[in-house]
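Listed below, chain by chain, are the residues.
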Amino acid sequence: NAGVTQTPKFQVLKTGQSMTLQCAQDMNHNSMYWYRQDPGMGLRLIYYSASEGTTDKGEVPNGYNVSRLNKREFSLRLESAAPSQTSVYFCASSTLAGLTDTQYFGPGTRLTVL
Amino acid sequence: AQSVTQPDIHITVSEGASLELRCNYSYGATPYLFWYVQSPGQGLQLLLKYFSGDTLVQGIKGFEAEFKRSQSSFNLRKPSVHWSDAAEYFCAVATLNTGNQFYFGTGTSLTVIP
């Protein structure tokens with residue numbers, strides 16, 4: 001049972017390049033989330049999907065787009081990467097729809113934008 | 001605005017000593033409160049959560065937290081710390097009545113000395 005998996009683990013981009021971070025969960029969870037973690041700032045919610053077919057903005061959505069491809073997969077896309085998007089990105093999932101349930105986190109993707 | 005404050009950036013305790021990590025929240029309604037732990041290079045794991053009822057909640061790994069509405073606090077405690085407790089600890093709040101959001105505090109880094 002893999003839980004929440006994220007690919008890639010590491011990525012280096014140049015300013016202006018685009019990329020998609022992939023997240024998948026095998027726990028049949030309804031909700032999925034994307035966070036970024038920056039030193040001294042904790043984790044900040046970028047987008048979440050309470051159920052298949054729905055997405056909602058979190059605290060810091062600007063510069064990102066998301067797709068809930070199916071119940072298992074939730075991708076995060078950077079259309080034109082900027083140095084301010086250098087961060088560690090975490091995907092999470094939870095059983096219930098909404099933000100009050102226990103979240104299970106993936107191992108993270110470390111992204112550097114030069 | 002809703003927020004979570006963890007006033008201690010870093011705490012050092014001796015193995016076997018007691019531990020208290022502070023968390024204060026700013027939210028008008030009854031909050032949904034969480035404590036998560038992050039080991040180095042890992043994702044986050046839920047320690048415990050509070051929604052309603054008994055204000056003293058028990059979690060995994062021997063941790064407990066007490067909700068005090070009068071102080072807007074949700075402090076995490078452990079009576080006897082083990083070396084394996086060294087990690088980063090995050091308090092978090094889910095807010096539902098003014099737009100669904102999830103906020104993490106900035107974290108407290110715990111060092112355990114033998």
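To keep things clear, this report deals only with the structure shown in the data block. It should be emphasised that the depicted structure is a prediction, and the values quoted were computed from it without experimental measurement.

How each quantity is defined
Residues numbered from 1 in each chain as written. Chains lettered and ligands numbered in written order. Predicted model: local features only at pLDDT ≥ 70, side-chain atom pairs only at ≥ 80, totals over all residues. Heavy atoms only, no water. Phe/Tyr/Trp six-rings, centres within 6.5 Å; stacked < 30°, edge-to-face > 60°. Helix = DSSP H or I, 4+ residues; strand = E, 2+ residues; numbered from the N terminus. Buried < 20%, exposed > 50% of the residue type's maximum accessible area, 1.4 Å probe, protein only. Contact = heavy atoms within 4.5 Å. Disulfide = S-S within 2.5 Å. Buried area = accessible area lost by both parts, 1.4 Å probe. Salt bridge = Lys/Arg side-chain N within 4 Å of Asp/Glu carboxyl O. Nonpolar A, V, L, I, M, F, W, Y, C, P; charged D, E, K, R; others polar.

1. Digging into the packing of aromatic side chains
Here is step 1: Following the criterion strictly, the structure yields 19 aromatic pairs over all chains and no others.
Here is step 2: One aromatic cluster is present, formed by Tyr33, Tyr35, Tyr48 and Phe105 of chain A together with Tyr32, Phe34, Tyr36, Phe51, Phe90, Phe102 and Phe104 of chain B through successive ring pairs.

2. Observations regarding the environment of Cys23 of chain B
Residues and elements named next belong to chain B.
Here is step 1: Mapped onto the elements, Cys23 comes out in the loop between β3 (19–21) and β4 (24–26).
Here is step 2: Judged by relative accessible area, which is 0%, Cys23 ranks as buried.
Here is step 3: Leave out the neighbours within four places in its chain, and Cys23 touches Val4, Thr5, Trp35, Ser72, Ser73, Phe74, Asn75 and Cys91.

3. Considerations on the state of the cysteines
Here is step 1: With the rule as written, the count across this model stands at two disulfides over all chains.
Here is step 2: Each sulfur in the disulfide pair Cys23 of chain A and Cys91 of chain A lies 1.8 Å from the other. Judged by the sign of its S-S torsion, about -75°, the cystine formed by Cys23 of chain A and Cys91 of chain A is left-handed. With Cys23 of chain A in strand β3 (residues 19–25) and Cys91 of chain A in strand β9 (residues 87–94), the pair connects residues that are 68 residues apart, well separated along the chain.
Here is step 3: The buried category is assigned to Cys23 of chain A, whose relative accessible area is 3%.
Here is step 4: The disulfide partner of Cys23 of chain B is Cys91 of chain B, and the gap between their sulfur atoms is 1.9 Å. Residues Cys23 of chain B and Cys91 of chain B share a disulfide whose torsion about the S-S bond is about -65°; that sign makes it left-handed. Here Cys23 of chain B is found in the loop between β3 and β4, whereas its partner Cys91 of chain B is found in strand β10 (residues 87–95), with 68 residues between them in sequence.
Here is step 5: Overall, Cys91 of chain B belongs to the buried group, its relative accessible area being 0%.

4. A closer look at the environment of Pro61 of chain A
All names here are of chain A.
Here is step 1: Within the secondary structure layout, Pro61 lies in the loop between β6 (56–57) and β7 (65–68).
Here is step 2: Overall, the relative accessible area of 11% leaves Pro61 in the buried class.
Here is step 3: Separated by 24 residues in the primary sequence, Pro61 and Gln37 have C-alpha atoms spaced 14 Å apart.
Here is step 4: Ignoring any residue separated from it by four or fewer positions in sequence, one finds Pro61 in contact with Ile46 and Tyr47.

5. Brief notes about the interface of chain A and chain B
Interface extent is often summarised as the accessible area lost during association of the parts.
Here is step 1: Counting from both sides, the interface comprises 20 residues of chain A and, opposite them, 21 residues of chain B.
Here is step 2: Both sides of the chain A and chain B interface together cover about 1,600 Å² of buried area, and 57% of this is carbon and sulfur.
Here is step 3: At the surface where chain A touches chain B, the tally comes to one salt bridge.
Here is step 4: The set of elements that each furnish at least two residues to the side of chain A that touches chain B consists of β4 (31–38) and β5 (42–49) of chain A.
Here is step 5: When the residues that make up the side of chain A that touches chain B are grouped by side-chain class, the tally is nine nonpolar, eight polar and three charged.

6. Considerations on the pattern of salt bridges
Here is step 1: Counted by the stated rule, this structure contains eight salt bridges over all chains.
Here is step 2: Taking the shortest distance from any N to any O, the salt bridge between Arg44 of chain A and Asp38 of chain A comes out at 2.8 Å.
Here is step 3: By relative accessible area, Asp38 of chain A is classed as buried at 9%.
Here is step 4: Across the salt bridge formed by Asp8 of chain B and Arg22 of chain B, the nearest N and O atoms sit 2.9 Å from each other. Of this pair, Asp8 of chain B sits in the loop between β1 (3–5) and β2 (10–14) while Arg22 of chain B sits in the loop between β3 and β4, and the two are 14 residues apart along the sequence.
Here is step 5: Each of Arg36, Asp38 and Arg44 of chain A takes part in a single network of salt bridges with overlapping partners.

In short, shape yes, function no, at least from these values alone.
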